[in-house]
Amino acid sequence: VSLAFVLLGSTAVLFQTAHLGWRLDEVLYEVVSAYATCGLSVLAAAQSAAGPASSKYPLTLLMCVGRVGTTTIAAALALNSQRRVIRYPSGRILIG
């Protein structure tokens, strides 16, 4: 799942910045850094003004997904599809 996020993110950033001549290794470094939320950057410091604003959206999404975690997201999506197997007893309780 993590590899899929990295591949999709790097593909999106490469398509959006194709006219700037960013190399694949630089984009992969940015995408993996965003997914791992470690704060390292190669392109942002050197060419942040040259890059389009739309290339920052996949990186921002990867930062959010990497911070929350793929397991948490998968559990949240699977939670709605499960059927409840626990039934709580109901009845009238007399006290005193």
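Remember, it's a predicted structure, so these values are computed and weren't measured experimentally. (Residues numbered from 1 in each chain as written. Predicted model: local features only at pLDDT ≥ 70, side-chain atom pairs only at ≥ 80, totals over all residues. Heavy atoms only, no water.)

**Quick notes on the overall build of the chain**
Right, so step 1: Check the secondary structure of the chain and you find 5 helices and 0 strands.
Right, so step 2: The order of α-helices and β-strands along the chain, N terminus first, is α-α-α-α-α.
Right, so step 3: Considering the chain as a whole, with its 96 residues, one finds that 23% of them fall into the buried category.
Right, so step 4: Surface accessibility of the chain: about 7500 Å² in total, with carbon and sulfur atoms responsible for 64%. (Helix = DSSP H or I, 4+ residues; strand = E, 2+ residues; numbered from the N terminus. Buried < 20%, exposed > 50% of the residue type's maximum accessible area, 1.4 Å probe, protein only. Areas by Shrake-Rupley, 256 points an atom, 1.4 Å probe, with all protein chains shown as cover.)

**Looking at the pattern of salt bridges**
Right, so step 1: According to the stated counting rule, one finds 2 salt bridges in the structure shown.
Right, so step 2: Note that Arg-23 is salt-bridged to Asp-25, the shortest N-O span being 3.2 Å.
Right, so step 3: Arg-23 sits in the partly exposed class, given a relative accessible area of 49%.
Right, so step 4: The exposure class of Asp-25 is partly exposed, given its relative accessible area of 45%. (Salt bridge = Lys/Arg side-chain N within 4 Å of Asp/Glu carboxyl O.)

**Quick notes on the packing of aromatic side chains**
Right, so step 1: Under the definition given, this model contains 1 aromatic pair.
Right, so step 2: Relative to Tyr-35, the ring of Phe-5 has its centre 6.3 Å away and its plane inclined at 25 degrees; by these criteria the two rings are stacked. Of the two residues, Phe-5 sits in helix H1 (residues 2–16) while Tyr-35 sits in helix H2 (residues 24–36), which places them 30 residues apart along the sequence.
Right, so step 3: For Phe-5, a relative accessible area of 28% translates into the label partly exposed. (Phe/Tyr/Trp six-rings, centres within 6.5 Å; stacked < 30°, edge-to-face > 60°.)

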